[in-house]
Amino acid sequence: MTATHFQSNIPSAKAQPTETERQEAQRLYEAGNAERKQGHWAEAQNLYEQAAALDSSSPAVAARQMLADIMAFRCKDYYNP
């Protein structure tokens, strides 16, 4: 029997982000926070995902998960049509 390999949509973590990538991740995280505070949750989620892709130690990683949990709780129909 052979093992089946699945492709993951999760980008592989880089060893260390550059300083420019860290700064861009921080900018995206802050922009995501601003969008979230205005109630633009989809935009915030996209910005958090971009920040997390640049820097896996960014606070955007936790913010992205928190926002996903909130959306799953508040918008059950969105996730379960």
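In what follows, the structure referred to is the one given above.
Residues numbered from 1 in each chain as written. Predicted model: local features only at pLDDT ≥ 70, side-chain atom pairs only at ≥ 80, totals over all residues. Heavy atoms only, no water.

## Looking at the pattern of salt bridges
Two side chains carrying opposite charge are able to pair once their charged atoms lie near each other.
Then, number 1: Scanning the entire structure with this criterion turns up two salt bridges.
Then, number 2: R22 is the salt-bridge partner of E19, the closest N and O atoms lying 3.2 Å from each other. Of this pair, E19 and R22 are both found in helix α1 (residues 19-37), three residues apart, which corresponds to roughly one turn of the helix.
Then, number 3: Take R22: its relative accessible area is 33%, and that puts it in the partly exposed class.
Then, number 4: Taking the shortest distance from any N to any O, the salt bridge between E24 and R27 comes out at 2.7 Å. Remark: R27 and E24 occur in helix α1; sequence separation between them is three residues, near one turn of the helix.
Then, number 5: With relative accessibility at 30%, the residue E24 sits in the partly exposed group. (Salt bridge = Lys/Arg side-chain N within 4 Å of Asp/Glu carboxyl O. Helix = DSSP H or I, 4+ residues; strand = E, 2+ residues; numbered from the N terminus. Buried < 20%, exposed > 50% of the residue type's maximum accessible area, 1.4 Å probe, protein only.)

## Some points on the packing of helix α2 (residues 41-54) against helix α3 (residues 60-74)
Then, number 1: The interhelical angle for the contact between α2 and α3, taken along N-to-C directions, is 150°, at an axis separation of 8 Å. Classified by the angle between their axes, α2 and α3 sit roughly antiparallel to one another. For the element pair α2 and α3, the recorded crossing hand is left-handed. Counted together, W41, A44, Q45, Y48, E49, A51 and A52 of α2 and A60, V61, A63, R64, L67, A68, I70, M71 and R74 of α3 form the full contact between these two elements.
Then, number 2: Class assignment of the residues belonging to the contact of α2 with α3 gives a composition of 12 nonpolar, one polar and three charged. (Axes fitted to C-alpha atoms, helices over the stretch in contact; angles between N-to-C directions. Parallel < 35°, antiparallel > 145°, perpendicular 65-115°, else oblique. Left-handed = near helix turned anticlockwise from the far one by under 90°. Contact = heavy atoms within 4.5 Å. Nonpolar A, V, L, I, M, F, W, Y, C, P; charged D, E, K, R; others polar.)

## As for the packing of α1 against α2
Then, number 1: Running from N to C, α1 and α2 cross one another at 165°; their axes reach a closest spacing of 8 Å. The angle between the axes of α1 and α2 places the two elements in the roughly antiparallel class. Of the two elements, α1 crosses α2, and the hand of that crossing is left-handed. Across the interface between the two elements, E21, E24, A25, L28, Y29, A31, G32, N33, E35 and R36 of α1 pack against W41, E43, A44, L47, Y48, Q50, A51 and L54 of α2.
Then, number 2: Partitioned by chemical class, the residues of the contact of α1 with α2 number 10 nonpolar, three polar and five charged.

## A few points about the nonpolar core
Then, number 1: Membership of the largest hydrophobic core is limited to 10 residues, which are A25, L28, Y29, A44, L47, Y48, A51, A60, A63 and L67.
Then, number 2: Of all elements in the fold, only α1, α2 and α3 reach the threshold of two or more residues within this core.
Then, number 3: With four residues, α2 is the largest single contributor of residues to this core.
Then, number 4: Apart from the residues lying within four places of it in its own chain, the contact partners of L47 are L28, A31, G32 and E35. (Core = buried A, V, L, I, M, F, W, Y, C linked by side-chain atoms within 4.5 Å.)

## Focus: α2
Then, number 1: In a regular helix each residue adds 1.5 Å, so 14 residues correspond to 20 Å; α2 covers 20 Å between its end C-alpha atoms and thus fits that length.
Then, number 2: By the burial criterion, the buried members of α2 are A44, Q45, L47, Y48, A51 and A52. Viewed along the axis of α2, the buried residues span an arc of 165°, placing them on a single side of the element.
Then, number 3: Of the surrounding elements, those touching the buried residues of α2 are α1 and α3. (Expected span 1.5 Å × (residues − 1). Arc of directions from axis to C-beta.)

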